[in-house]
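Residue strings, one per chain:
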6 protein chains.
Amino acid sequence: MDTKKVVTFGEVMMRLSAPGYQKIVQTANMEVRFGGSEMNVAASLANLGMVAKHVTVLPDNLLGKKAKSFIRKLDINTQNVIISGNRMGLYFLEKGASMRSSQIVYDRENSAFEKLDPDWFDWAEILSDANWFHWSGITAALSSSAAKACLDAVKMANKLNIPISSDIYFRQGQWKYGKLPTDVLPEIASYSTVLLANELNMRDLLGVEFDEETESFEDACRKTLQKYPNIKKIVDTDRQSFSSHHNKISSKLFDGSQLYESETQEITFIIDRVGGGDAFLGGFIYGQLNLDNDLESLNFGTAASALKHTIEGDFNLASIEEIQNLVSGDISGRIKR
Amino acid sequence: MDTKKVVTFGEVMMRLSAPGYQKIVQTANMEVRFGGSEMNVAASLANLGMVAKHVTVLPDNLLGKKAKSFIRKLDINTQNVIISGNRMGLYFLEKGASMRSSQIVYDRENSAFEKLDPDWFDWAEILSDANWFHWSGITAALSSSAAKACLDAVKMANKLNIPISSDIYFRQGQWKYGKLPTDVLPEIASYSTVLLANELNMRDLLGVEFDEETESFEDACRKTLQKYPNIKKIVDTDRQSFSSHHNKISSKLFDGSQLYESETQEITFIIDRVGGGDAFLGGFIYGQLNLDNDLESLNFGTAASALKHTIEGDFNLASIEEIQNLVSGDISGRIKR
Amino acid sequence: MDTKKVVTFGEVMMRLSAPGYQKIVQTANMEVRFGGSEMNVAASLANLGMVAKHVTVLPDNLLGKKAKSFIRKLDINTQNVIISGNRMGLYFLEKGASMRSSQIVYDRENSAFEKLDPDWFDWAEILSDANWFHWSGITAALSSSAAKACLDAVKMANKLNIPISSDIYFRQGQWKYGKLPTDVLPEIASYSTVLLANELNMRDLLGVEFDEETESFEDACRKTLQKYPNIKKIVDTDRQSFSSHHNKISSKLFDGSQLYESETQEITFIIDRVGGGDAFLGGFIYGQLNLDNDLESLNFGTAASALKHTIEGDFNLASIEEIQNLVSGDISGRIKR
Amino acid sequence: MDTKKVVTFGEVMMRLSAPGYQKIVQTANMEVRFGGSEMNVAASLANLGMVAKHVTVLPDNLLGKKAKSFIRKLDINTQNVIISGNRMGLYFLEKGASMRSSQIVYDRENSAFEKLDPDWFDWAEILSDANWFHWSGITAALSSSAAKACLDAVKMANKLNIPISSDIYFRQGQWKYGKLPTDVLPEIASYSTVLLANELNMRDLLGVEFDEETESFEDACRKTLQKYPNIKKIVDTDRQSFSSHHNKISSKLFDGSQLYESETQEITFIIDRVGGGDAFLGGFIYGQLNLDNDLESLNFGTAASALKHTIEGDFNLASIEEIQNLVSGDISGRIKR
Amino acid sequence: MDTKKVVTFGEVMMRLSAPGYQKIVQTANMEVRFGGSEMNVAASLANLGMVAKHVTVLPDNLLGKKAKSFIRKLDINTQNVIISGNRMGLYFLEKGASMRSSQIVYDRENSAFEKLDPDWFDWAEILSDANWFHWSGITAALSSSAAKACLDAVKMANKLNIPISSDIYFRQGQWKYGKLPTDVLPEIASYSTVLLANELNMRDLLGVEFDEETESFEDACRKTLQKYPNIKKIVDTDRQSFSSHHNKISSKLFDGSQLYESETQEITFIIDRVGGGDAFLGGFIYGQLNLDNDLESLNFGTAASALKHTIEGDFNLASIEEIQNLVSGDISGRIKR
Amino acid sequence: MDTKKVVTFGEVMMRLSAPGYQKIVQTANMEVRFGGSEMNVAASLANLGMVAKHVTVLPDNLLGKKAKSFIRKLDINTQNVIISGNRMGLYFLEKGASMRSSQIVYDRENSAFEKLDPDWFDWAEILSDANWFHWSGITAALSSSAAKACLDAVKMANKLNIPISSDIYFRQGQWKYGKLPTDVLPEIASYSTVLLANELNMRDLLGVEFDEETESFEDACRKTLQKYPNIKKIVDTDRQSFSSHHNKISSKLFDGSQLYESETQEITFIIDRVGGGDAFLGGFIYGQLNLDNDLESLNFGTAASALKHTIEGDFNLASIEEIQNLVSGDISGRIKR
């Protein structure tokens, strides 16, 4: 069987985190990693043996060089990484404990990626042998030119019959360049094959009519699928947060006729929650390309996401074997020799 | 509104702790911090935006210099820190896990603070614009001269109508200089406005008659308030210890007519328990100076103490917003971006 | 009372572990310790004040020198450590979290110990003043010469009337030198006074007939004691694994007439699980030499093992007082000052 | 004698440096400190016992909080630190060795300081009891508003008869906001009492005619003093760089009639070169306020700068005693007990 | 201009080094890197922008996975890395200081690479678009099969007219598999285009007659070139070692008619000497592929090697700009901003 | 040949040092080691293969336990280590660079050792099979009881014909218990076989008449040997201190008739200077017990001391081979594989 090829597109940020449970105000040094929603998906897929290519822009300085080296280490193809500009997007992370929340300070404005020129990307060539394309609403929220690049990419993917996954979860504090999500997202999202969104995202970002009081996730999905005929499946994840350390997660999918719900996974000692959603998507896309059906994809993605919570950094490093083991219900954590 | 000013008085020790969960016998390096019950209260208050001044004595060497620098970092006023003598009090900390207890080895005898001269402190000037004064029985236990300085301070605070909080929780192994607590504490404590003590402290340290079998905390409080007319409120904290990592805490207050009890806070993953009581007091004093009533002060102090358990070091670094969030019942620990 | 003397025999490996919860693929440095099932037992006993001598072979290079220095630090007598050969056995450890398992990669083939010459050991002299001898099936599994040394040792211990404990828990992936366990273990084990084994070990390694469906641990023990008349007691441990962090452990002993079962200990936050079984044995042997009866030995060993789970490294460093405290039921983890 | 008070003004940046001699591309963590040319001068002066107040703008987030805490730790008064905006200026440092150069990547554009409003600063009040004011051309290079604040400050200092030191060393890559140094610096610098500049700075930044071929530093000084009558002294430093680790430094001063030259200091093993010039200035200003004459100020400043090269971080932490010891010629480095 | 493609072949080992200047017996943790003479050459070339592909065998476990990830990070193509076997070759490094020597303990016997099967490598395909092939005598010394793979590779490279560089510096303690260097090396080396060797290597390994007393390097080269007609150039490096920290290095080349000698580079503070020779070769090969002549190649290689001595790890990370800067004589180490 | 046995006596302190070149005021953690002049000598001798027993007193707490474990690790016999009292002597170390001096802050008053009871030591038994006894004036300076224990020890050693080395180098700030060195040292030193002292020590501590202006070291020695007939040899070390990093050291010995002077060793990059003198003495005593003559002892001791300067911690870890290599003049620092 041919190894499947996935292309992802989005900003990569340097992550600077206070070691252990120190608050930022206390720490004399910070751990340095890199992450970004779409690259995290690529990292998950590369880790599971897929061929993953990430398209991004990195600044032309020592930090950009370090970022590229980090991405290569993850076995992600960096052939279409553009080196240009002078600013690396950053974020600072302080890890919570018990009822104390983790805190993230973003410092990504005016980054090299935000200032990209859509013409730098020859999507026909980039996507020529791809089996999947993934992007997210975060990219479209950064700048007009980034949104334009998303649109170019999905149009080309659509033309080449490559399935497209679109993650449009909304996050407070984005969209600063003068446009509203509703100005931009509906068109780009319309080319999606699979959509990651909850019912409020569908209402607020895609302009689907939805009454929170009387209607269900399934109802919102039906309307969305009707309005956006390219979209075949809508996926959503759920999280119960008992404390910084203790969560339960699950996922669901509506395919136009049926609602599938994954097994729930409980994580009793979370090591690093950042990128949990991206790990789900990475696992889910792996499932779409390699497993038998949507329910298996959901269960695989949910287990991958659960394992991600036990791993430091923004992306999943658990093996297929570890994920399948969890899907099959083994939570014992016994030593493997 | 004017920012309130609090003065605290007591020894500051260098804390040397084995990193992570290593036993002292294992470690090749130790983390260096500073703490001390009364300075921890000042640190809490400074962190919450109050003007806090800590009065202490530090040795005239590189360690004293480091200590002073550390205190300044916490935004505590060090104007009345005396540099004299040659010994920094120390304590060594080994952190427990599950049912294994943390262990503390004190090495504080003959410290610069213990050898202070009460005449060094011009309390009239030190307290001139203060809104609160805090001291503890630990200081009175160190040496005759330290006890004398406490007495001088509370007399002046009383004369200036400054509210006084007195923490007289008794700890094994103190009082080595030839006097008994009952020789010394009743007089100093008699000037208190708010007393932190449990019923046994009232009996054993303040000479209040109390029958453990038949009487309650409230009974002990009534007798204490009667015997010490300056004291208006008695505060006490409770802790259930399920393991090194898992505790429940709460607090209560008797004001002569009514007993108030705080909400109980559960900490399911304790990062550092040292200073939990001081964080309560810091939060409680903040409440007395800024919140509407005693119950709010108790709830604020208890939540502050709970959050302190999730933070490394001897004092609270959680913000007002984080504390209020916990008071309002949010224990989800969701990431703040 | 004379301090009791225990002799142990087996390989010591260098343990290289990824710090914290990092995966091996992530880490830029590794923690270096040493461990080995039988040395771990010696370390436990030395820590509890016994005189412990460990017999082993270390390579003639900087790593062997480091290993010997490490063993001495544990207060283990290294008089009979042979320096010869050029390879230190190694193992690499990656620590799990929640449902993610810890992983161990062994790299011990062709080690200095594996290539030992049985004639290097003058067991008559080594054991001359010993009160106990301990070995394990791991050693017999390494090479013919290692198995021969075990046999020499137990024969001499038997001749000198020194009690022998034999740990024959079977581990996948051993026995590579062309012999089966059943070729080798029955003879060596036949000299044991106390056997650590479960019912399947007795069946598969010692050739005892046992029907898993219809027979109990006690049944297997009776047959084993009958077949191997030197063996007086059989000990076994049980573990319930709820996650990498949360286990319950207990132990049991059959002495030919009665089955004793220890109290169950629950560890809610495991720091390091490696060596948990060795810590049990160390505590159990301590009990056999110092406590009143087998049940006390089981309870002491089980509590010692539980505390080991809260300590980094391969062996127990908890004190007698800490262990007795846990045996008496105190799991509160309150700070000891 | 009254302790002298110095006010400084300028941006504070977070410094993220690769530990030891690692290149940025290699490191998995970075050391976090704060620095900035003018704050470094304040830190030097506070360390030498002066009262130092630094005026700056820090962002309203966890990084700004950390920065303020760091500044306080240095015993610098933070009363006039404005909290506003959302971006901390940053710089990344990679330390060289032998002939390999250190490298600095700046990431300070659009910082909270750059976006300051000159009206935020009430210079009359800020400078009310000051004995010295220090600023640098770096600040004037950041933005129009920063340059305006400099001008406001020096005008007020001039009005209050407070001596002003101006550091106008030019650094490549600054002045991005559309003005040339010659548009801005002459006016601000005209209020200086002491100028730090070399002959090319006088020519290129202050518009003084100077012929590199035929004229000397002294010639340039004479013309500058003539053109800018407020300026009484011009100071310059020299550095011979044999390698990243081995430098010689000296300084000179022209006071209108005489040229003074300091002793040369040789640093044979440099620990951290950043801030060497600021440490000179800190020492020089200390000398101007406390020592007998300009030559002593030069020698004190040069020795302070030399010692700074042996200390990690951006500012001097050597004591007056250590500096005087070096001025007196003791380079032996014998242990002080 | 087309980027040149280089293929290298050889073992990659995990390097475990004691941090700083600690001796191995002291350290509680070790830094983990990977290195290997030929991979170091590939790393140098990739770092200089060449396309570098390294051919090797890594074990099928967590360490092999980590090694592969490390190699990818260096921008080396890992397409022809074979995953097979279970043992990673290791070496342990203790860094010297002043007159104290660094020490290396190898633990590489029975590694996955040593046990390779020559048939695993399809050299025609591997070398199809290569512009250079590099191997070393270390590989030929490991096992018959490794030597066979070298022979296969050079034969194919020769057939495809790809230049071959052969590093045959002899190191004590290799050649354990029953053959002598002279049994094996002459045939493989005979296909070389460029040979790295000193006069004694030519005599002892290649069977060239050479009289140390009366003949020169040039004499040995002439005879070697005569005996091995494929060889066009012989390169050699020289090192003067004043201490662990202070060396001078240079290089020379004989092309059959003329002897070229590089500038000498002095390193006054060595950070890490391991891989200094490989960095020379990397720089030299870069020069052969990109610079104008052999002298430039020598100077570039020598400067690259000098800079490598200032960088931690086994390979060069200095940029072309930094190397050219040193070639041009700038040793000042001034900060680059 | 029998391995020689050496007994040493003196205090062991915990050393807390700021990592790298950080100043104490900067560091967030400290490295923990143990040292003490006489234990350092024992450590040197054990490292060179001698049987070394150190006699001391350690406190009965977690720090004393850690100290004992540390001493055992060094292969020093701890059979006569007394556990008593509650205070570990401490010292804090800040490492200098270039002309910046290292600084040591002692905190050893009222230590467990200082409060020893001379009757705890049964010197007849302790010294029964010793070949050498070593003590120093530091011990005699701590307390009357410590001085008494020294006297008891040297009397018994003298009675048993065991050679005694006495290190009476004087250090500022000792002798606080009310006696002068001249009250105490002459009697104890009178039993010495070998004395380590310079001419001023002989004059000021042993009451030997000596005129600095007109007389030489040799003159002082002659008079000392005459006055103290037990003393056979006087040894002295010299140090030229060019900077914190660069020293030259040598040693000399007068045996009553002849003055021997060692080769001079230059250390161009000092890692840790603490314990340099103790390492000399360890090497010198090794020489006295194992080498042919006094000059060889001096050269071996001086080389051992030089190598100690390249090693972290208070004592020498260089091997006999490394020392002999340096004695023979090899300072190249080439890698040993």
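Please refer to the structure higher up on the page.
Predicted, not measured: the structure shown is a model, and the values here were computed from it.

Asks: So what exactly am I meant to see when it comes to the relation of the copies chain A and chain D here?
Replies: Here the second copy of the chain follows from the first by a rotation about an axis and a shift along it. The operation relating chain A to chain D is a screw motion whose rotation component is 180°, with 0.0 Å of axial translation and a residual RMSD of 0.0 Å. Read as a symmetry element, the transformation amounts to a two-fold axis. Within chain A, the C-alpha atom positioned nearest to the axis of rotation is that of A:Met30, 2.7 Å from it. Taken as a fraction of all interface residues of chain A, those also at the interface in chain D reach 100%, which identifies the copy contact as same-surface.

Asks: I tried to follow the interface of chain A and chain D on my own but got confused; where do I start?
Replies: The parts lose accessible area when they come together, and the size of an interface is often stated as this lost area. Contacts between chain A and chain D engage 22 residues on the former and 22 residues on the latter. For the side of chain A that touches chain D, the residue count by class is nine nonpolar, six polar and seven charged. Where strand S3 (residues 29-35) of chain A meets strand S3 (residues 29-35) of chain D, three bridges bridge the pair, whose relative direction is antiparallel. Of the residues in S3(D), the one forming a bridge with A:Glu31 is D:Asn29.

Asks: Hey, could you run me through the interface of chain F and chain C in this one?
Replies: Taken together, the four residues of chain F in the interface contact four residues of chain C. For the side of chain F that touches chain C, the class distribution of residues is no nonpolar, one polar and three charged.

Asks: Just checking my understanding: could you explain the relation of the copies chain F and chain C for this structure?
Replies: When chain F is fitted to chain C, the best match, at an RMSD of 0.0 Å, comes from turning it 180° and sliding it 0.0 Å along the axis. A shared interface surface links the copies, since 100% of the contact residues of chain F are contact residues in chain C too.

Asks: Looking at this structure, I do not really get the pairing of strand S4 (residues 51-58) of chain B. What am I missing?
Replies: Residue and element names in this part refer to chain B. Of all the eight residues making up S4, seven are buried; the element is thus mostly covered by neighbouring parts of the structure. Where strand S1 (residues 5-9) lies against S4, five bridges are found, and the strand directions are parallel. If you follow Val7 over to S4, its bridge partner there is Lys53. Examined bridge by bridge, S4 and strand S5 (residues 76-77) share two bridges and lie parallel to one another. When the sheet's bridge partners are listed, Lys53 is paired in S5 with Asn77.

Asks: What exactly am I supposed to notice about the packing of helix H10 (residues 294-308) of chain D against helix H11 (residues 320-327) of chain D here?
Replies: Axis angle and axis distance: for two packed helices, these are the angle between their axes and the distance between the axes, and together they describe the pair. Residues and elements named next belong to chain D. Packing of H10 against H11 brings their axes to within 9 Å, and their N-to-C directions diverge by 110°. One element, H10, and the other, H11, form an angle in the roughly perpendicular class. Contacts between H10 and H11 involve Asn299, Phe300, Ala303, Ala304, Ala306 and Leu307 on the former and, on the latter, Glu322, Ile323, Leu326 and Val327.

Asks: Where do I start with the sheet that holds strand S3 (residues 29-35) of chain F in this structure?
Replies: Consider a sheet: its strands pair through backbone hydrogen bonds, and that pairing is either parallel or antiparallel. Taken in spatial order, the eight strands of this open sheet run S8(B)-S7(B)-S2(B)-S3(B)-S3(F)-S2(F)-S7(F)-S8(F), and their pairing is mixed. Here the strands that pair on one side only, and so sit at the sheet edges, are strand S8 (103-107) of chain B together with strand S8 (103-107) of chain F. In this sheet, neighbouring strand axes are inclined to one another by 30° on average, regardless of whether the strands run parallel or antiparallel. Across five bridges, strand S7 (residues 90-94) of chain F lies against S8(F) in antiparallel orientation. In the sheet register, F:Phe92 faces S8(F), and the bridge partner there is F:Val105.

Asks: I tried to follow the packing of helix H1 (residues 37-47) of chain E against helix H9 (residues 276-290) of chain E on my own but got confused; where do I start?
Replies: Residues and elements named next belong to chain E. In the contact formed by H1 and H9, the axes pass within 8 Å of each other and the chain directions differ by 45°. When the axes of H1 and H9 are compared, the pair comes out oblique. Along this stretch, H1 crosses H9, giving a crossing that reads as right-handed. Here H1 contributes Ser37, Asn40, Val41, Ser44 and Leu45 to the contact with H9, which in turn contributes Asp278, Ala279, Leu281, Gly282, Gly283, Ile285 and Tyr286.

Asks: Can you walk me through the sheet that holds strand S7 (residues 90-94) of chain E in this structure?
Replies: The eight strands lie next to each other as S8(C)-S7(C)-S2(C)-S3(C)-S3(E)-S2(E)-S7(E)-S8(E), forming an open sheet whose pairing is mixed. Of all the strands in the sheet, the pair left with one neighbour each is strand S8 (103-107) of chain C together with strand S8 (103-107) of chain E. Pairs of neighbouring strands in the sheet enclose a mean axial angle of 30°, with direction left out of account. Here five bridges tie strand S2 (residues 13-17) of chain E to strand S3 (residues 29-35) of chain E, and the two strands are oriented antiparallel to one another. The partner of E:Leu16 across the bridge, within S3(E), is E:Val32.

Asks: Would you mind going over helix H9 (residues 276-290) of chain A with me for this structure?
Replies: The periodicity of an α-helix, 3.6 residues per turn, causes residues three or four positions apart to be oriented the same way. For H9(A), spanning 15 residues, the distance from its first C-alpha to its last is 21 Å, which sits close to the expected 21 Å at 1.5 Å a residue. Among the 15 residues that make up H9(A), 13 are buried, leaving the element largely enclosed by the rest of the structure.

Asks: Whenever I open this one, helix H7 (residues 199-206) of chain E confuses me. Can you help?
Replies: Residues and elements named next belong to chain E. Of the residues making up H7, those classed as buried are Glu199, Asn201, Met202, Leu205 and Leu206. Around the axis of H7, the buried residues are gathered within 165° of arc, so they sit on the same side. Here the buried face of H7 lies against helix H6 (181-189) and helix H8 (217-227). The first or second residue beyond H7 is Gly207, which carries a positive phi of 70°.

Parameters at a glance
- Residues numbered from 1 in each chain as written.
- Chains lettered and ligands numbered in written order.
- Predicted model: local features only at pLDDT ≥ 70, side-chain atom pairs only at ≥ 80, totals over all residues.
- Least-squares fit on C-alpha atoms with pLDDT ≥ 70 in both.
- Contact = placed C-beta atoms within 7 Å.
- Nonpolar A, V, L, I, M, F, W, Y, C, P; charged D, E, K, R; others polar.
- Pairing = 2+ DSSP bridges.
- Helix = DSSP H or I, 4+ residues; strand = E, 2+ residues; numbered from the N terminus.
- Buried ≥ 20, exposed ≤ 12 C-beta atoms within 10 Å, placed from the backbone.
- Axes fitted to C-alpha atoms, helices over the stretch in contact; angles between N-to-C directions.
- Parallel < 35°, antiparallel > 145°, perpendicular 65-115°, else oblique.
- Left-handed = near helix turned anticlockwise from the far one by under 90°.
- Expected span 1.5 Å × (residues − 1).
- Arc of directions from axis to C-beta.

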